[in-house]
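Listed below, chain by chain, are the residues.
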Amino acid sequence: MIYLDHNATTRPCPEAIEEMQDALRTLWANPSSTHTAGQAARGALADARTRVARFLGCQGTELVFTSGATEANHMAVLGGLALGRTRGRTRLVLSCIEHPAMLALAQRLRAEGTIVDLIPVQADGSLDLAAAERLIGADVALVSVMGANNETGVCMPLAALEQLAHAVGALMHVDATQLAGRSEQRFDASGADLWSISAHKLHGPKGVGALVVRKGLSLPALLCGRQERQRRGGTENLPGILGFAAAAERASLTLAADLLHLQDLQARLERGLLALSPQVQVYGRSCQRLPNTSCLRFGLLDADRVLARLERAGVLASSGAACSAGGTQPSHVLLAMGESPERAKAAIRLSTGRDTRAEDIEQVIAAVTGALLPLLADEALAAA
Ligand code: PMP
């Protein structure tokens, strides 16, 4: 099987697995215990914090370990709003293509009375900066935008947004989940105040991530308790945190080479697929994008059908569509780009990783040729 769903999750790397297994066997004491076993766990936790901080470009004291990016995002938004309220700022500004969990939080906040504004995107998936400029005003507590979209891979203009936010005294949060291991962008080179990350997009384990909170910002906790310097209660997930540290260290060792490799794979994949038929469309091609993500459409062939055929041909991928009780809903990202529901329901995402090989891409193109070209030819005939 060729796994092209790295934006959903990545395979844990051997370094992470080994360190986690070791931690489960030998470092199972509570890092808060004062005895020697607890102190050993505490030492390993401090060490992991330094290693993850080095990867992200922040100080260890700025790092709050969480259960993943969803929790980090919630902490950033709810904490950012709470801080804003103390300064008379009440409005929240997000992009309209944020992760579904973030949009669900925005919906709940709206129902509770918070004013939430969503920055629109343009047809190519890039953020509408002119609209952002109009929306980011003096009553804004927090601007929260993803570093790159998980469906299209399109990168957001973080530097410009940070400037806009800071010009009016608002805080800036970046959901950097999809940037890790796919971009050289780091917290220290950004102007962000808050930065979310998840280990499982980086060949680390699921259920662990972090929020970077810029030094000097007294962001309130989401989960009260004494751990993480009173910023995140709950006994630390030490095996997960150590797996995260191992994955981060491994990723930084080869990041430059990995990025070149991913760029080469993306060029091969898109060139190969576009050459097959004029009915193939790649989204956001003219934008700055993650090198591992290709969101595309084969005519109007339904994504579920395309994915089933690809899987039979040995390729695992995803669509941005959300399944709910009422059936499959087209992706909110493609709808926001102005695509019709019919076209949006045809979009699939192929996302590569550092273990993907050039031969895999050749096989994917062969799989599309065998499994999808006949259907595309039928579609073209029917339309003629
Ligand atoms: N934000 C983005 C942009 C994501 O892609 C994801 C994972 N799909 C998340 C947040 C949620 O991360 P986690 O699974 O660690 O909660």
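Rules used in this analysis
- Residues numbered from 1 in each chain as written.
- Predicted model: local features only at pLDDT ≥ 70, side-chain atom pairs only at ≥ 80, totals over all residues.
- Heavy atoms only, no water.
- UniProt positions renumbered as here; feature names shortened; annotations may be inferred.
- 1 Å grid on protein atoms, 1.4 Å probe; cavity = no way out; pocket = protein on both sides within 12 Å on 5 of 7 lines; lining within 4 Å.
- Points joined across faces, edges and corners; volume = space filled by probe spheres on them.
- Nonpolar A, V, L, I, M, F, W, Y, C, P; charged D, E, K, R; others polar.
- Near = heavy atom within 4 Å.
- Polar contact = N/O pair within 3.5 Å; in protein donor to acceptor, adjacent residues only side chain to side chain.
- Helix = DSSP H or I, 4+ residues; strand = E, 2+ residues; numbered from the N terminus.
- Buried < 20%, exposed > 50% of the residue type's maximum accessible area, 1.4 Å probe, protein only.
- Contact = heavy atoms within 4.5 Å.
- Pairing = 2+ DSSP bridges.
- Axes fitted to C-alpha atoms, helices over the stretch in contact; angles between N-to-C directions.
- Arc of directions from axis to C-beta.
- Right-handed = clockwise from strand over helix to strand, strands pointing away.
- Domains from an automatic or database assignment.
- Buried area = accessible area lost by both parts, 1.4 Å probe.
- Salt bridge = Lys/Arg side-chain N within 4 Å of Asp/Glu carboxyl O.

As recorded in an unreviewed UniProt entry, the protein chain goes by Cysteine desulfurase and comes from Roseateles saccharophilus. In the Catalytic activity (unreviewed entry) part of its UniProt record, the protein chain is described as follows: "(sulfur carrier)-H + L-cysteine = (sulfur carrier)-SH + L-alanine". For the protein chain, the Sequence similarities (unreviewed entry) comment in UniProt is given as "Belongs to the class-V pyridoxal-phosphate-dependent aminotransferase family. NifS/IscS subfamily."

Caption draft 1: Just empty space enclosed by the protein, in detail. One pass over the full model with this rule turns up 2 cavities of 30 Å³ or more. By volume, the largest cavity amounts to about 130 Å³. Around the largest cavity, the lining comprises 16 residues; the ones closest to its centre are Ala180, Gly181, Arg182, His203 and Arg354. Looking at the lining of the largest cavity residue by residue, the classes come out as 5 nonpolar, 7 polar and 4 charged.

Caption draft 2: Representation of the site of the ligand. Lining the immediate environment of the ligand, one finds 13 residues, of which Thr70, Asp175, Gln178, Ser198 and Lys201 sit closest. Separating an oxygen atom of the ligand from a side-chain N or O atom of Thr70 is a distance of 2.5 Å. Between an oxygen atom of the ligand and a side-chain N or O atom of Gln178, the distance comes to 2.8 Å. It is helix α3 (residues 69-85) that contributes the most residues to the shell around the ligand, 3 residues altogether.

Caption draft 3: Summary view of the side chain of Glu228. Summarising the element assignment, Glu228 is placed in helix α7 (residues 227-230). Glu228 gets classed as buried once you look at its relative accessible area, which sits at 7%. Ignoring sequence-local partners within four residues, the contact set of Glu228 consists of Arg49, Leu63, Val64, Phe65 and Glu236.

Caption draft 4: Expanded view of the sheet that holds strand β14 (residues 347-351). Judged by pairing direction, the sheet is antiparallel, and its 3 strands sit side by side in the order β9-β10-β14 without closing on themselves. Edge positions in the sheet fall to β9 (280-282) and β14, since each has one partner strand and no second. The mean angle between the axes of side-by-side strands here comes to 30°, regardless of whether they run parallel or antiparallel. Of the pairings in the sheet, the one linking strand β10 (residues 293-298) to β14 comprises 5 bridges and is antiparallel in character. If you follow Ser294 over to β14, its bridge partner there is Leu350.

Caption draft 5: Geometry of helix α6 (residues 158-167). For α6, the complete set of buried residues consists of Leu158, Leu161, Glu162 and Ala165. Down the axis of α6, the buried side of the element spans an arc of 100°, and every buried residue falls inside it. Exposed residues pointing more than 90 degrees away from the buried face of α6 are listed as Ala159, Gln163 and Ala167. Its buried side turned inward, α6 meets β4 (116-119), α5 (129-135), β5 (140-146) and β6 (171-175). Looking at the residues trailing α6, positive phi occurs at Gly169, about 80°.

Caption draft 6: Spotlight on the pairing of β5. Counted residue by residue, β5 has 7 buried out of 7 residues, so it is predominantly covered. In the sheet, strand β3 (residues 91-95) pairs with β5 via 4 bridges, with the strands oriented parallel. In the sheet register, Val93 faces β5, and the bridge partner there is Val143. Relative to β6, β5 is paired through 5 bridges, and the arrangement is parallel. Residue Leu142 lies in a different strand from β6, and its bridge partner there is Leu171. Where the polypeptide runs from β5 across α6 and back to β6, its parallel neighbour, the crossover connection is right-handed.

Caption draft 7: Region of interest: the domain arrangement of the protein chain. With domains assigned, the protein chain is organised as domain 1 (2-6 + 255-383) and domain 2 (14-250). On a C-alpha basis, the centroid separation for the pair domain 1 and domain 2 is 29 Å. Together, the buried faces of domain 1 and domain 2 total about 2300 Å²; carbon and sulfur atoms form 60% of this surface. When the area that domain 1 buries against domain 2 is broken down by residue, the three leading residues are Leu290, Met337 and Arg354, summing to 27%. There are 0 salt bridges connecting domain 1 and domain 2.

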